[in-house]
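# Chain and residue survey
For reference, the chains in residue letters:
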Amino acid sequence: MSLTLTAMSDSTVTSGQQQWSGSGQTLQPPRGPFISVITNRTTNLLIRGAMLFSVGVFLALVLNLLQVQRNVTLFPPDVISSIFSSAWWVPPCCGTASAMIGLLYPCIDSCLGEPHKFKREWSSVMRCVAVFVGINHASAKVDFANNVQLSLTLAALSIGLWWTFDRSRSGFGLGVTIALLATLATQLLVYNGVFQYTSPDFLYIRSWLPCIFFAGVITMGNIGRQLALYEYKFIQEKSHQD
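The structure reproduced in this document is the subject of the present report. (Residues numbered from 1 in each chain as written. Predicted model: local features only at pLDDT ≥ 70, side-chain atom pairs only at ≥ 80, totals over all residues. Heavy atoms only, no water.)

### Quick look at the overall build of the protein chain
- In terms of helices and strands, the protein chain carries seven helices and two strands.
- Secondary structure elements of the protein chain occur, N-terminal to C-terminal, as α-α-β-α-α-α-α-β-α.
- Within the protein chain, buried positions represent 34% of all 242 residues.
- Taking the intrachain contacts of the protein chain between residues at least 6 apart in sequence as the baseline, contacts between residues at least 24 apart amount to 77%.
- Looking at the protein chain as shown, the accessible area adds up to about 14,800 Å², and 67% of this sits on carbon and sulfur atoms. (Helix = DSSP H or I, 4+ residues; strand = E, 2+ residues; numbered from the N terminus. Buried < 20%, exposed > 50% of the residue type's maximum accessible area, 1.4 Å probe, protein only. Contact = heavy atoms within 4.5 Å. Areas by Shrake-Rupley, 256 points an atom, 1.4 Å probe, with all protein chains shown as cover.)

Here it is in structure tokens:
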């Protein structure tokens, strides 16, 4: 009886070794879960950053074209080198800022433990982009009686954009902070002669500029949040399938 059991166990071990040797050429040791998660997060982060950068560059080219055509902003002739009559450094700077803002918004939501769930669909994001383009278009095309009326109108439209498509305290706080920093950076550029405004009415710049920056921050924040939400849903569906 013991000899029979020994023979059976030897045959089982031998067959298992044969199966492992036969399939050993195709099977590879799986990566650890931590390495897999880190790699996926890094890749997704780079993809989101590249998409946000592309959107920022495109909006910068289109919106700056409106400003130049209406002679709201003037660049020196020697730096007008692109087909959109814009300085070469403007689109990359706007694209980098857009990527940083779009990646920062979901991180702030995660750190505060307040996931943004208000109007989380792409149709809402597209409407937000359209309203932002409309606000910028109004600043360049619509003639107001004075700059104060224009600034108050654009401020109301920008806050209305935040209320319609965001309504988060973190979004409002980040929008105001980044708009003030961007306004300060623009003042430094104008002061150093990089470009100028035709009719400055507030420390070398136009008084409505912070409103445009605020609306742009809210818009890019919404795009970044939607991309992060889409990525999260995709990862959840993939994990369920696995």
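Moving on, there is more to tell.
### Looking at the packing of aromatic side chains
- Counted by the stated rule, this structure contains three aromatic pairs.
- Ring plane angle 55° and centroid distance 5.9 Å describe the contact between tryptophan 162 and tryptophan 163, whose orientation is recorded as tilted.
- On the accessibility criterion, tryptophan 163 (48% relative accessible area) is partly exposed.
- Grouping aromatic residues by their ring pairs yields a cluster made of Trp162, Trp163, Phe172 and Phe214. (Phe/Tyr/Trp six-rings, centres within 6.5 Å; stacked < 30°, edge-to-face > 60°.)

### Here's the deal with the environment of phenylalanine 165
- In this fold, phenylalanine 165 is placed in helix α5 (residues 147–165).
- With relative accessibility at 5%, the residue phenylalanine 165 sits in the buried group.

### So, unusual backbone geometry
- At arginine 167, a position not held by glycine, the phi torsion is positive, near 65°.
- Structurally, arginine 167 is set in the loop between α5 and α6 (169–191).
- Residue arginine 167 is classed as partly exposed on the basis of its relative accessible area of 41%.

### A word on the packing of helix α3 (residues 90–112) against α6
- One can describe the packing of α3 onto α6 by two numbers: an axis separation of 10 Å at closest approach and a directional angle of 140°. As judged from the angle between their axes, α3 and α6 are oblique. Crossing of α3 against α6: the hand is right-handed. For the pair α3 and α6, the contacting residues are Ile101, Leu104, Tyr105, Ile108, Asp109 and Leu112 in the first and Ser170, Gly171, Leu174, Gly175 and Ile178 in the second.
- Looking at the contact of α3 with α6, its residues break down into seven nonpolar, three polar and one charged. (Axes fitted to C-alpha atoms, helices over the stretch in contact; angles between N-to-C directions. Parallel < 35°, antiparallel > 145°, perpendicular 65-115°, else oblique. Left-handed = near helix turned anticlockwise from the far one by under 90°. Nonpolar A, V, L, I, M, F, W, Y, C, P; charged D, E, K, R; others polar.)

### Observations concerning α3
- In this model, α3 (23 residues) spans 33 Å end to end at C-alpha, consistent with the 33 Å of a helix rising 1.5 Å per residue.
- By the burial criterion, the buried members of α3 are Val90, Pro91, Gly95, Ser98, Ala99, Ile101, Gly102, Tyr105, Pro106 and Asp109. (Expected span 1.5 Å × (residues − 1).)

### Points about the nonpolar core
- The biggest cluster of nonpolar side chains holds 33 residues, and the ones touching the most others in it are Phe132, Leu154, Leu161 and Ile223.
- Of all the elements in the fold, those that place two or more residues in this core are α2 (33–69), α3, α4 (122–141), α5, α6 and α7 (209–241).
- If we skip the residues at most four places from it in the chain, isoleucine 223 touches Leu52, Val55, Val125 and Val129. (Core = buried A, V, L, I, M, F, W, Y, C linked by side-chain atoms within 4.5 Å.)

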